[in-house]
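Read off the chains here:
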Amino acid sequence: MLRVRRRRRGEPVPEHVVPFRWALLPKALHLLVLVLGSATVLAAALLASRAGAPE
């Protein structure tokens, strides 16, 4: 994110920053990550509810 902001402002970008491009990942992987993340949170909430956690 730092790299993108600096480029937009026209500032020099440090060379030691590791670039990560989401655009290189397939769109299906984006969807999979979103679904798995949501499923994990929901499963944890359900498990806590069944275990008798305070609401």
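First, a word on scope: everything that follows refers to the structure included in this document.

Rules used throughout
Residues numbered from 1 in each chain as written. Predicted model: local features only at pLDDT ≥ 70, side-chain atom pairs only at ≥ 80, totals over all residues. Heavy atoms only, no water. Helix = DSSP H or I, 4+ residues; strand = E, 2+ residues; numbered from the N terminus. Buried < 20%, exposed > 50% of the residue type's maximum accessible area, 1.4 Å probe, protein only. Areas by Shrake-Rupley, 256 points an atom, 1.4 Å probe, with all protein chains shown as cover. Expected span 1.5 Å × (residues − 1). Patch = residues over 30% accessible without salt bridge, like charges linked within 9 Å, V, L, I, M, F, W, Y side chains within 5 Å. Salt bridge = Lys/Arg side-chain N within 4 Å of Asp/Glu carboxyl O.

### Brief notes about the overall build of the protein chain
Secondary structure summary: the protein chain contains two helices and zero strands in total. Expressed as a percentage of the 55 residues in the protein chain, the buried residues total 4%. Accessible surface, the protein chain as shown: approximately 5,300 Å² in total, 67% of it carbon and sulfur.

### Describing helix α2 (residues 27–50)
The periodicity of an α-helix, 3.6 residues per turn, causes residues three or four places apart in sequence to face the same way. Counted at 1.5 Å a residue, the expected span for α2 with its 24 residues is 34 Å, and the 35 Å between its end C-alpha atoms agrees. A positive phi of about 90° marks Gly52, the residue just after α2.

### Quick word on a nonpolar patch on the surface
A cluster of nonpolar residues, Leu29, Leu32, Val33 and Leu36, forms a patch on the protein surface that exposes about 330 Å² of accessible area. Mapped onto the fold, Leu29 is located in helix α2. Among the residues examined, Leu29 registers a relative accessible area of 33% and is labelled partly exposed.

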